[in-house]
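# Structural overview for review
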Amino acid sequence: MGKKIGSLIGIVSIMITVFCTTEYLTYILYIKKNKLYIPCFILFLSMMSLFIGIMNKFDLANKIITPSIVFLAVLISLVILRVTLPYL
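I will try to describe carefully the structure that is included in this document. (Residues numbered from 1 in each chain as written. Predicted model: local features only at pLDDT ≥ 70, side-chain atom pairs only at ≥ 80, totals over all residues. Heavy atoms only, no water.)

### Regarding unusual backbone geometry
Most of the time, phi is negative for any residue but glycine, and the peptide bond is trans. Which entries qualify depends on this criterion: Strands are runs of DSSP state E lasting at least two residues, helices are runs of H or I lasting at least four, and both sets are numbered from the N terminus onward.
Here the phi dihedral of Lys33 falls at roughly 60 degrees; this positive angle occurs in a residue that is not glycine. Tracing the chain through its elements places Lys33 in the loop between helix H1 (2-31) and helix H2 (37-56).

See the structure below:
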């Protein structure tokens, strides 16, 4: 059980890092009026579905928990981006 929780925390931290960098890239491309923000946003959505598929392998009790964990990681990365964006 402890190994499962440790793996879950590790994957969530990786998700936060990946989502934060992808959101930053999408934001910068959108601000510069570059058309590449559309494929970057599609990449962001496909990464969300990929992480949901990876998290489903943990066999959590309810399948609604997995998308909510991914959604929580996205929200945390948006908060990090909002706080750090004035300094970048």
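Moving on, there is more to tell.
### Observations concerning helix H3 (residues 65-84)
What counts is decided by this rule: For a helix, the expected span equals 1.5 Å multiplied by the number of residues minus one. Note on classification: 1.4 Å probe, protein chains only; a residue is buried when its accessible area is under 20% of the maximum for its type, exposed when over 50%, partly exposed between these limits. Working definition: the arc comes from the directions between the helix axis and the C-beta atoms, pointing outward to the latter. Note on contacts: a residue pair qualifies if any of its non-hydrogen atoms lie within 4.5 Å across the two residues.
For H3, with 20 residues, the first-to-last C-alpha span of 29 Å sits near the 28 Å given by 1.5 Å per residue. Inspection of H3 places Thr66, Ile69, Val70, Ala73, Val74, Ser77 and Leu81 among the buried residues, and these make up the whole buried set. Along the axis of H3, the buried residues cluster in a sector spanning 140 degrees; they form a single face. Exposed residues lying more than 90 degrees from the buried face of H3 are Val79, Arg82 and Val83. On the buried face of H3, the contacting elements are H1 and H2.

### Quick notes on the state of the cysteines
Our working rule: The criterion for a disulfide is a pair of cysteine sulfur atoms lying within 2.5 Å.
Inspection of every chain in the model, using the stated rule, returns zero disulfides. Lacking any disulfide linkage, Cys20 is separated from the closest cysteine sulfur, that of Cys40, by 12 Å.

### Points about a nonpolar patch on the surface
Heads up, the condition is: Exposure above 30% relative accessible area and the absence of a salt bridge qualify a residue for a patch, where like charges join within 9 Å and nonpolar side chains (Val, Leu, Ile, Met, Phe, Trp, Tyr) within 5 Å. Here the accessible surface of atoms and residues is derived via Shrake-Rupley with a 1.4 Å probe, and residues count as covered only by protein chains that are part of the display. Whenever a carboxyl oxygen of Asp or Glu lies within 4 Å of a side-chain nitrogen of Lys or Arg, that contact is scored as a salt bridge.
On the surface, Tyr27, Tyr30 and Ile31 cluster together into a nonpolar patch covering about 310 Å² of accessible area. Topologically, Tyr30 is positioned in helix H1.

### So, the nonpolar core
Let me state the cut-off plainly: Only buried residues count toward a nonpolar core. Its members are Ala, Val, Leu, Ile, Met, Phe, Trp, Tyr and Cys residues joined through side-chain atoms within 4.5 Å.
Of all hydrophobic cores here, the largest spans 12 residues; its members are Met15, Ile16, Phe19, Phe44, Met47, Phe51, Met55, Phe58, Ile69, Val70, Ala73 and Val74. Contributing elements (two or more residues each) for this core: H1, H2 and H3. Residues in contact with Met15, not counting those within four places in the same chain, are Phe51, Met55, Ile69, Val70 and Ala73.

### Regarding H2
Two residues of an α-helix separated by three or four positions point the same way, owing to the 3.6 residues in each turn. In this model H2 runs 29 Å from its N-terminal to its C-terminal C-alpha over 20 residues, within 8% of the 28 Å that 1.5 Å per residue would give. Next to the buried residues of H2 lie H1 and H3.

Remember that the coordinates give geometry; whether it matters functionally is a separate question.
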